[in-house]
Amino acid sequence: MAWFTLLLAGLLEIGWAIGLKYTDGFTRLTPTVLTVGSMILSVALLGIAVRSLPLGTAYAVWTGIGTIGTVVLGIILFAEPMTVARLGCIGLIVAGIAGLKLAA
């Protein structure tokens, strides 16, 4: 259950990171409320997950999900560049997360 909670926390991290773009510097009410709500819920779920998961591993997985999801959605939604170097770096993040999970 802790891993599922952590997955949800990571997905919400993607939501608030992408939401930042839509807040227009926190000047738009609805995107701002949704973004701040996602931030709070994401951190709360991370806090619940670390009750039974190693802190370092959980934090790395949480930030990794957020990073990878934000990069992918940035490419899809905002036409950010999809270069070999960027994709290679995502691969390194995935490898690092997998390594931490296997070592836990």
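Heads up: these notes are all about the structure in this document. These figures come from a predicted structure and were not determined experimentally. (Residues numbered from 1 in each chain as written. Predicted model: local features only at pLDDT ≥ 70, side-chain atom pairs only at ≥ 80, totals over all residues. Heavy atoms only, no water.)

### With respect to the overall build of the protein
Each helix and strand counted, the protein has four helices and zero strands in total. Traced from its N-terminal end to its C-terminal end, the protein shows the element sequence α-α-α-α. Dimensions of the protein along its principal axes, counting C-alpha atoms only, are 40 × 35 × 15 Å. Counting only residues that meet the buried cut, the protein has 34% of its 104 residues in that class. (Helix = DSSP H or I, 4+ residues; strand = E, 2+ residues; numbered from the N terminus. Buried < 20%, exposed > 50% of the residue type's maximum accessible area, 1.4 Å probe, protein only.)

### Comments concerning unusual backbone geometry
Glycine aside, residues mostly have negative phi angles, and peptide bonds mostly take the trans form. Residues other than glycine seldom take positive phi values, yet Phe-26 does so here, at roughly 65°. Residue position: Phe-26 is located in the loop between helix H1 (2-23) and helix H2 (29-49). Within the chain, Ala-79 stands out as a residue other than glycine whose phi angle is a positive 55°. Under the relative-accessibility criterion, Ala-79 is labelled exposed at 68%.

### Thoughts on the environment of Gly-64
Note on placement: Gly-64 falls in helix H3 (residues 55-78). Setting aside chain neighbours within four positions, we find Gly-64 in contact with Ile-93 and Ile-97. (Contact = heavy atoms within 4.5 Å.)

### Quick word on H3
The terminal C-alpha atoms of H3 lie 33 Å apart, and with 24 residues this matches the ideal 34 Å at 1.5 Å per residue to within 8%. In the stretch just after H3, Ala-79 is the one whose phi turns positive, near 55°. (Expected span 1.5 Å × (residues − 1).)

### Some remarks on the environment of Leu-34
Mapped onto the elements of the fold, Leu-34 is located in helix H2. Along the chain, Leu-34 and Ile-65 lie 31 residues apart, while their C-alpha atoms are 19 Å from each other.

### Structural notes on the packing of H2 against H3
At their nearest, the axes of H2 and H3 sit 10 Å apart, and the two run at 150° to each other. The angle between H2 and H3 places the two elements in the roughly antiparallel class. Once H2 is placed against H3, the crossing between them reads as right-handed. Listed contacts from H3 to Ser-42, Val-43 and Leu-46 of H2 are Ala-58, Tyr-59 and Trp-62. Looking at the contact of H2 with H3 residue by residue, the classes come out as five nonpolar, one polar and no charged. (Axes fitted to C-alpha atoms, helices over the stretch in contact; angles between N-to-C directions. Parallel < 35°, antiparallel > 145°, perpendicular 65-115°, else oblique. Left-handed = near helix turned anticlockwise from the far one by under 90°. Nonpolar A, V, L, I, M, F, W, Y, C, P; charged D, E, K, R; others polar.)

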